[in-house]
Amino acid sequence: MFIADFHIHSKYSRATSKDCVPEMLELWARRKGLDLIGTGDFTHPAWREELREKLIPAEEGLYTLKDSFCREDDIGGSSSKPRFMISGEISSIYKKNGKVRKVHNVILLPTLESAEALSHRLEAIGNLHSDGRPILGLDSRDLLEITLDVCPDAIFIPAHIWTPHFSLFGAYSGFDDIEECFGDLTGHIHAL
């Protein structure tokens, strides 16, 4: 068993702390006993560059913070070294079946290279530079298709599905069931 938090943001997302940097995420993961944390915001080019600078590959699909960036912790917490998984959240706002849909999805990727490749595909659709959680006018089903085309090993998770706004089952802009959102690709959704 392990404790993980994949839905994280960087300093490049709106309404986040300037301290949302790898060294602080790692420090607080240790303090809170997290074994695995998402990097958040893999679509943002400056964040990917910072991740390349500060993380090194660990086990397959996982990274650790370089020792030179680790902060001493006199307060306590776990002595283990948390792992990072490349992650990001994308806000999709689009029209489907006669209604405006607003859905957030979290994507987990095995490598920074796959994050780079997926980001290049998504740059043709919308601006990835203005916010760590980009807003794309892209159907969630189509985002899933693009993600799987670029990286078949990706994990695609509809985020915070019960919130009234920006979620799969959101009362104001969501769907009544998963199939209505993802259609023929519903079988690729393994977690909510």
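Please refer to the structure higher up on the page.
What you see is a predicted model; the values in this text were computed from it and never measured.

(A) Highlighting the packing of aromatic side chains. Across all of its chains, the model carries 3 aromatic pairs by this definition. Their ring planes at 35 degrees and their centres at 5.0 Å tell us that Trp162 and Phe169 sit as a pair that is tilted. The exposure class of Trp162 is exposed, given its relative accessible area of 67%. The aromatic ring of Trp28 is capped on one face by Arg31, whose charged end is 4.5 Å from the ring centroid.

(B) Layout of the pattern of salt bridges. In this structure the tally under the stated criterion is 20 salt bridges. Among the salt bridges present, the one from Lys96 reaches Asp139, with a minimum N-O distance of 3.4 Å. Remark: Asp139 occurs in the loop between strand 7 (135–136) and helix 4 (140–150) and Lys96 occurs in strand 5 (residues 83–96); sequence separation between them is 43 residues. By relative accessible area, which is 16% here, Lys96 ends up buried. Owing to a relative accessible area of 14%, Asp139 belongs among the buried residues under this scheme. Residue Glu180 is joined to Arg101 by a salt bridge in which the shortest nitrogen-to-oxygen separation is 3.3 Å. Placement of the pair is Glu180 in helix 5 (residues 178–182) and Arg101 in strand 6 (residues 99–109), with a sequence separation of 79 residues. Within the structure, one salt-bridge network assembled from shared partners comprises Lys11, Glu23, Glu50, Lys54 and Arg71.

(C) Structural view of unusual backbone geometry. Even without being glycine, Asn97 reaches a positive phi, approximately 55 degrees. One non-glycine residue, Phe166, lies in the positive phi region at around 55 degrees. Its location among the elements puts Phe166 in the loop between strand 8 (155–158) and helix 5. Judged by its relative accessible area of 28%, Phe166 is partly exposed.

Rules and cut-offs
Residues numbered from 1 in each chain as written. Predicted model: local features only at pLDDT ≥ 70, side-chain atom pairs only at ≥ 80, totals over all residues. Heavy atoms only, no water. Phe/Tyr/Trp six-rings, centres within 6.5 Å; stacked < 30°, edge-to-face > 60°. Buried < 20%, exposed > 50% of the residue type's maximum accessible area, 1.4 Å probe, protein only. Lys NZ or Arg CZ within 6 Å of the ring centre and 35° of its normal. Salt bridge = Lys/Arg side-chain N within 4 Å of Asp/Glu carboxyl O. Helix = DSSP H or I, 4+ residues; strand = E, 2+ residues; numbered from the N terminus.

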